[in-house]
Amino acid sequence: MSTDVDPDPEKLADLAVELATAAGHRVVELADTARATASTKSTATDPVTDADRVAEAMITDGLLSVRPDDSIVGEEGASHQGGTAVTWHIDPIDGTTNYVYGIPAFSVSIAAEVGDQVVAGVVFNPSVDELYRATIGAGSTCNGERLRVRPATELATALVATGFGYTAPRRRHQGRVIAELLGRIRDIRRFGSAALDLCAVATGRVDAYYELGLNRWDLAAGALIASEAGASVGNLDGGPPLDGFLLAAGPELFGPLRSALRELGADRE
Ligand code: LIP
């Protein structure tokens, strides 16, 4: 059993880049068929397609062919218990609703975690050929260009991305939170892919992003890309982004937005 105690984040990121781009191009090839045969998972508004499954299988096989003793967790059920220090988190198509509707805002997200620290993250949007990459302590890039969050802004002029859950009670609560928050910020954007929302923070296309109910595979790679671009990333209680709630924003905006979201109960059902 391999005991890869000190894997090189750059090599992990290189492998993730190779697999994410191959899977991204494949899901674009499969789009017409996949859309015609889409089904649903947790609720009638939570779609899944054969392309999700094909992409996850491609990525899983690719990882295990190079690093057979790593652990793997994928959104569509990939699960491999390994013996090294590395766990891979895979979202084969993040933004599946956009994919099914033909909206060019979906991504392949792959993250490598050592212990409880994500050390390498890759997010690929094949519709616009944007490849986001980050390794711990070495910054983040999009197509090789270094990323930096937007300069500081007040809450009242902040453009904030968010997303909504798949159950009606949670969506109603999230709608009430947004209804109140909108009067305190510039505007919201709802792109439909948590990974791309986090990359939007990293590129400065939005000032902040928050969402309740994400899974680790949704956020692991994007959170590293955002933090390596200078964003503060965490939950509303001063901790790391749990699998439940995440807020990412420039460091000066993070505090005021966190206070507003806590007051509004954004991290509650
Ligand atoms: C999606 C997230 C998005 C969220 C959607 C959905 P999926 O992930 O990326 O931010 O609002 O409800 O969870 O299911 O497309 O991989």
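Placed above this text is the structure.
Description of the structure in this document. (Residues numbered from 1 in each chain as written. Predicted model: local features only at pLDDT ≥ 70, side-chain atom pairs only at ≥ 80, totals over all residues. Heavy atoms only, no water.)

1. Section: the layout of surface pockets
Part 1: Considered as a void within the structure, the largest pocket measures approximately 610 Å³ in volume.
Part 2: In terms of lining residues, the largest pocket is bounded by 33 residues, among which Phe-164, Tyr-166, Arg-190, Gly-192 and Glu-211 are the most central.
Part 3: Of all elements in the fold, only β5 (86–94), α4 (96–101), α5 (168–181), β13 (208–212) and α7 (216–227) reach the threshold of two or more residues within the lining of the largest pocket.
Part 4: Split by residue class, the lining of the largest pocket holds 9 nonpolar, 13 polar and 11 charged. (1 Å grid on protein atoms, 1.4 Å probe; cavity = no way out; pocket = protein on both sides within 12 Å on 5 of 7 lines; lining within 4 Å. Points joined across faces, edges and corners; volume = space filled by probe spheres on them. Helix = DSSP H or I, 4+ residues; strand = E, 2+ residues; numbered from the N terminus. Nonpolar A, V, L, I, M, F, W, Y, C, P; charged D, E, K, R; others polar.)

2. Looking at the sheet that holds strand β11 (residues 159–162)
Part 1: Taken in spatial order, the 5 strands line up as β12-β11-β13-β15-β14 in an open sheet, and their pairing is mixed. Of all strands in the sheet, those bounded by a partner on one side alone are β12 (187–189) and β14 (232–234). When the angles between neighbouring strand axes are averaged without regard to direction, this sheet yields 20 degrees.
Part 2: When β13 meets strand β15 (residues 245–249), the two strands line up antiparallel, connected through 5 bridges. Bridge pairing links Glu-211 to Leu-246 in β15.
Part 3: Its contacts with the sheet place helix α6 (residues 194–203) against β11, β13 and β15, and it is angled at close to 155 degrees to β13. (Pairing = 2+ DSSP bridges. Axes fitted to C-alpha atoms, helices over the stretch in contact; angles between N-to-C directions. Contact = heavy atoms within 4.5 Å.)

3. Some details on the pattern of salt bridges
Part 1: Under the defined criterion, the tally for this structure stands at 15 salt bridges.
Part 2: Between Lys-41 and Glu-75 there is a salt bridge, and its shortest N-O distance comes to 3.1 Å. A residue pair is termed long-range when its members are at least 10 positions apart, and Lys-41 in the loop between β1 (39–40) and β2 (47–48) and Glu-75 in the loop between β3 (71–74) and β4 (79–80) qualify at 34 residues.
Part 3: A residue is classified by how much of its surface remains accessible, and Lys-41, at 32% relative accessible area, is partly exposed.
Part 4: Through salt bridges with shared partners, a single ionic network connects Glu-10, Asp-14 and Arg-133. (Salt bridge = Lys/Arg side-chain N within 4 Å of Asp/Glu carboxyl O. Buried < 20%, exposed > 50% of the residue type's maximum accessible area, 1.4 Å probe, protein only.)

4. Brief notes about empty space enclosed by the protein
Part 1: Per the stated rule, a full pass over the model turns up 2 cavities of 30 Å³ or more.
Part 2: Taken together, the residues that form the lining of the largest cavity break down as 6 nonpolar, 2 polar and 2 charged.
Part 3: Of the pockets and cavities examined, the second largest cavity occupies roughly 50 Å³.
Part 4: If you trace the second largest cavity, you find it lined by Thr-162, Gly-163, Phe-164, Gln-174, Val-177, Tyr-210, Glu-211, Leu-212 and Ala-266.
Part 5: Secondary-structure elements contributing two or more residues to the lining of the second largest cavity are α5 and β13.
Part 6: Among the elements that take part in the lining of the second largest cavity, β13 stands out by supplying 3 residues, more than any other.

5. A few points about the nonpolar core
Part 1: Counting 33 residues, the largest nonpolar core has Val-123, Tyr-132, Tyr-209, Ile-225 and Leu-246 as the members making the most contacts within it.
Part 2: For this core, the elements supplying multiple residues, two or more each, are β7 (117–125), β8 (130–135), β11, α6, α7 and β15.
Part 3: Sort the elements by how many residues they give to this core and α6 lands first, with 8 residues.
Part 4: Apart from residues lying up to four places away in sequence, Ile-225 is in contact with Gly-121, Val-122, Val-123, Tyr-132, Arg-133, Ala-134, Ser-140, Leu-147, Cys-199 and Ala-202. (Core = buried A, V, L, I, M, F, W, Y, C linked by side-chain atoms within 4.5 Å.)

In short, shape yes, function no, at least from these values alone.
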